[in-house]
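Notes for the structure review
What follows is each chain in one-letter form.
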Amino acid sequence: MTAFLSVETSLSGRRWVGPDPVQDRLAEGMAQQTRLPLPLCRILAARGVSPEDAPAFLAPSLRDLMPDPLTLRDMGTAADRLLHAVSRRERIAIFADYDVDGGSSAALLLVWLRAFGLQATLYIPDRIDEGYGPNVPAMAQLAAAHDLILCVDCGTLSHEPIAAAKGADVVILDHHLALETLPAALAIVNPNRQDEDGALAHLCAAGVVFMLLVEANRRLKQQGSQGPDLMALLDLVALATIADVAPLIGLNRAFVRQGLKIMARRDRPGLRALADVSRMDQAPTPYALGFLLGPRVNAGGRIGQADLGARLLATDDEMEASRIAARLDQLNTERREITERVREEALAQAEARGLDGPLVWAAAEGWHPGVVGIVAARLKEAANRPSVVIGFEGDIGKGSARSVPGVDLGAAIQRIAAEGLIQKGGGHKMAAGLTLTRPQLEPAMARLGELLARQGAGATGPRDLRIDSLLATSGATVPLVEEIENAGPFGQAAPAPRFAFANAAVTCRRIGESHLKISASDGSGPALDAIAFGAFDGPLGATLEGAGHKRFHLAGKLELNHWNGRTRVQLRLDDAAPA
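Below, the structure is looked at part by part. (Residues numbered from 1 in each chain as written. Predicted model: local features only at pLDDT ≥ 70, side-chain atom pairs only at ≥ 80, totals over all residues. Heavy atoms only, no water.)

Glancing now at the overall build of the chain. Secondary structure summary: the chain contains 20 helices and 18 strands in total. For 579 residues, the compact-globule formula gives about 25 Å, and the C-alpha radius of gyration of the chain, at 24 Å, lands near that figure. Projecting the C-alpha coordinates of the chain onto the three principal axes gives extents of approximately 75 × 60 × 45 Å. The buried share among the 579 residues of the chain stands at 55%. (Helix = DSSP H or I, 4+ residues; strand = E, 2+ residues; numbered from the N terminus. Rg over C-alpha atoms; globule rule 2.2 N^0.38 Å. Buried < 20%, exposed > 50% of the residue type's maximum accessible area, 1.4 Å probe, protein only.)

This is how it looks when you write it as structure tokens:
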């Protein structure tokens with residue numbers, strides 16, 4: 001296939017690949033039939049949306065997309081047990097994972113229970129001292145003082161800890177891949193159980209918890225009672241869905257679409273305080289949730305106090321929200337510094353090993369376990385390969401893994417755990433965790449690479465950059481971007497379209513240490529504003545800044561920039577190449 005705009009090697013070393021000809025023809029037919037803009041039809045065709053289904057896809061309804069919660073196994077048992085605890089005013093504990101999904105899931109339950117006057121106990125394990133998921137001492141301690149323990153975003157593989165919760169009922173609300181044998185809990189609601197049909201496998205834990213609350217409210221209504229307003233909780237579900245990199249398909253699209261509207265009202269004290277310290281001065285977007293709010297919520301679990309994020313999301317106290325948000329912002333700054341050091345070392349190690357295999361990995365003594373997941377994501381982006389980053393403390397290494405679309409990393413890691421090549425491991429398709437010893441490292445990574453290669457990992461060149469459409473700078477209008485946003489929200493499994501602009505003259509201005517503000521014009525009309533974040537981390541920034549009279553092809557994603565009462569189109573630049 002000929003490189004798009006003949007770009008074989010861009011400034012970031014990538015080959016540009018143009019739109020699929022078959023999808024192009026489908027898009028042109030859809031544009032004629034629906035009268036929708038061609039760039040929007042290209043997105044719909046790439047998603048497999050037919051002309052007949054386009055209107056419903058562009059306006060996803062939670063009412064239309066929400067399945068009966070009872071389609072998930074154990075849902076009825078879980079809802080009954082929760083309502084029994086509420087009616088008897090029992091002692092309830094919530095054991096949650098330390099990430100955004102775990103914190104949001106816990107907050108959903110805490111807020112819902114608070115509406116009945118119940119204050120549940122929140123327990124989030126310390127990442128370093130206790131590790132991921134329920135552990136025997138914690139569960140035994142909670143069971144001694146509580147009647148019901150709700151494990152959220154964890155517990156599916158925790159056989160021994162669940163068995164240790166003697167005297168209390170345990171309900172697991174999770175989405176991580178399960179084994180054939182499940183723990184002896186009262187109920188395990190998990191769309192990724194092996195006896196589920198997989199129709200809701202894309203949900204994060206907060207989505208599962210929300211469905212439980214839908215079923216609980218339905219049963220309350222049947223009893224003549226009114227449950228809490230669940231629509232007001234969708235901001236938490238949206239945050240978890242984006243931050244956990246859940247696929248934005250089906251029900252998740254509706255969760256995020258509606259959740260962003262709820263979040264824009266700024267009703268929740270914790271999210272309002274977090275948006276303020278993040279200097280988020282525009283309406284919330286998936287980008288803001290994933291790169292501004294999410295990392296700050298995560299910062300407590302990564303390098304600070306594990307329960308800070310969940311407490312922030314659940315609080316109704318303005319002062320507490322401001323105090324926790326400020327602390328999380330400070331921790332996030334510290335986390336960035338640690339991450340950058342580990343990223344540089346891991347990338348150098350991975351490059352020395354080679355980035356062209358089915359798996360990219362790095363491991364070293366002293367790498368903070370709270371940042372290895374972030375660094376794994378950076379390696380994945382750099383190589384377009386599944387990646388693993390492991391930090392050792394003595395003989396024991398704890399690592400995180402991130403995958404690319406179409407490669408089930410969680411299943412592969414469960415496989416090497418079952419084969420005894422690592423101490424333990426698990427997760428879901430796009431992200432997983434593992435623990436191993438130093439002697440296990442090389443054999444485990446070699447075997448994991450084999451398993452991933454069978455799924456096609458490494459088949460796509462790390463240099464390929466897919467372009468969805470060619471556009472003139474004058475064609476990047478506010479109405480067009482608004483139409484395109486109707487096909488969103490964009491994120492995992494639903495990437496925002498990437499547009500190319502050919503033969504553009506550029507003028508540039510450096511912002512801060514590494515960003516670049518650009519004005520680009522191909523002569524077709526008004527110039528297009530662009531921003532290149534981290535441009536000076538590679539050759540992109542210096543080359544464009546010193547462009548002079550040279551012209552460039554540009555590639556990136558269009559967004560709306562609201563400033564001083566005006567709305568303008570802005571290109572978030574991904575790459576460029578000499579014209």
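At their nearest, the axes of helix H5 (residues 75-87) and helix H9 (residues 205-222) sit 9 Å apart, and the two run at 65 degrees to each other. Considering the angle they form, H5 stands roughly perpendicular to H9. Taken as a pair, H5 and H9 cross one another with a handedness that is right-handed. When H5 is examined against H9, the residues Met75, Gly76, Ala78, Ala79, Asp80, Leu82 and Leu83 are found in contact with a partner set consisting of Val208, Met211, Leu212, Leu213, Glu215, Ala216, Arg219 and Leu220. Here the residues of the contact of H5 with H9 sort into 11 nonpolar, one polar and three charged. (Axes fitted to C-alpha atoms, helices over the stretch in contact; angles between N-to-C directions. Parallel < 35°, antiparallel > 145°, perpendicular 65-115°, else oblique. Left-handed = near helix turned anticlockwise from the far one by under 90°. Contact = heavy atoms within 4.5 Å. Nonpolar A, V, L, I, M, F, W, Y, C, P; charged D, E, K, R; others polar.)

Let us now look at the sheet that holds strand E9 (residues 396-402). Read from one edge to the other, the open sheet built from five strands follows the order E7-E8-E9-E11-E10, with strand pairing classed as mixed. Every interior strand has two partners, whereas the edge strands, strand E7 (360-365) and strand E10 (424-427), have only one. The sheet shows a mean angle of 15 degrees between the axes of neighbouring strands, direction not considered. Sheet analysis places E7 next to strand E8 (residues 387-393), joined by six bridges and oriented parallel. Pairing of Val360 across the sheet is with Ser387, part of E8. Strands in contact with helix H17 (residues 409-418) are E8, E9, E10 and strand E11 (431-437); relative to E10, the strand with the most contacts, it is inclined by about 160 degrees. (Pairing = 2+ DSSP bridges.)

Another aspect to go through is the packing of aromatic side chains. A full pass over the atoms with the stated rule returns four aromatic pairs. Summarising the aromatic geometry, the rings of Phe95 and Tyr123 are spaced 5.2 Å apart at their centres and angled 20 degrees between planes, so their arrangement reads as stacked. One end of the pair, Phe95, is in strand E2 (residues 92-96); the other, Tyr123, is in strand E3 (residues 121-123), and 28 residues separate them in sequence. Across this residue pair, the class does not change: Phe95 and Tyr123 are buried. Arranged with centres 5.4 Å apart and planes meeting at 80 degrees, the rings of Phe210 and Phe255 form a pair that is edge-to-face. A residue pair is termed long-range when its members are at least 10 positions apart, and Phe210 in helix H9 and Phe255 in helix H11 (residues 251-264) qualify at 45 residues. Just as Phe210 is buried, Phe255 falls in that class too. Just above the ring of Tyr287 sits the side chain of Arg572; from NZ or CZ to the centre is 3.9 Å. (Phe/Tyr/Trp six-rings, centres within 6.5 Å; stacked < 30°, edge-to-face > 60°. Lys NZ or Arg CZ within 6 Å of the ring centre and 35° of its normal.)

Another aspect to go through is the pairing of strand E15 (residues 515-521). Here is the key point about a regular strand: its side chains alternate between the two faces of the sheet. Taking every second residue as pointing to the same face, the buried face of E15 carries Leu516, Ile518 and Ala520, while none of His515, Lys517, Ser519 and Ser521 on the other face is buried. Between strand E14 (residues 499-511) and E15, which pair antiparallel one after the other, the connecting turn spans three residues, and Gly512 there sits at a positive phi close to 65 degrees. In this structure, E15 lies alongside strand E16 (residues 528-532), joined through five bridges in antiparallel fashion. Paired with Leu516 across the two strands is Ala532, which belongs to E16.

Okay, the side chain of Asp24 next. Along the chain, Asp24 falls in helix H1 (residues 21-34). Dropping the residues within four chain positions of it, Asp24 is found in contact with Pro19 and Arg42.

The end-to-end C-alpha distance of helix H16 (residues 372-383) is 16 Å, a good match for the 16 Å that 12 residues give at a rise of 1.5 Å each. Of all 12 residues that make up H16, nine are buried, and the element is covered over most of its length. Of the surrounding secondary structure, the elements contacted by the buried residues of H16 are helix H13 (286-303), helix H15 (318-353), E7, E8 and E9. Positive backbone phi, approximately 55 degrees, marks Asn384, located one or two places after H16. (Expected span 1.5 Å × (residues − 1).)

What follows is about the pairing of strand E17 (residues 551-563). As defined by bridge partners, E14 adjoins E17 across five bridges and the pair is classed as antiparallel. The residue of E17 that forms the bridge with Phe501 is Leu554. With 12 bridges connecting them, E17 and strand E18 (residues 566-578) associate as antiparallel partners. In the sheet register, Leu558 faces E18, and the bridge partner there is Leu571. In sequence, E17 turns back onto E18 through a hairpin of two residues, with Asn564 there showing a positive phi of about 55 degrees.

To continue, consider the environment of Cys508. Relative to the elements of secondary structure, Cys508 occurs in strand E14. In this structure Cys508 comes out as partly exposed when scored by relative accessible area, which is 26%. Here the alpha-carbon distance between Cys508 and Ile149, two residues 359 residues apart in the chain, equals 56 Å. Setting aside residues no more than four positions away along its own chain, Cys508 makes contact with Leu516, Lys517, Ile518, Leu544 and Glu545.

With that settled, consider the environment of Asp317. Among the structural elements, Asp317 can be located in the loop between helix H14 (308-314) and H15. Residue Asp317 is classed as partly exposed on the basis of its relative accessible area, which comes to 35%. For Asp317 and Arg268, which are 49 residues apart along the polypeptide, the C-alpha to C-alpha distance reads 9.7 Å. Side-chain polar atoms of Asp317 contact the backbone nitrogen of Met319, separated by 3.0 Å. (Polar contact = N/O pair within 3.5 Å; in protein donor to acceptor, adjacent residues only side chain to side chain.)

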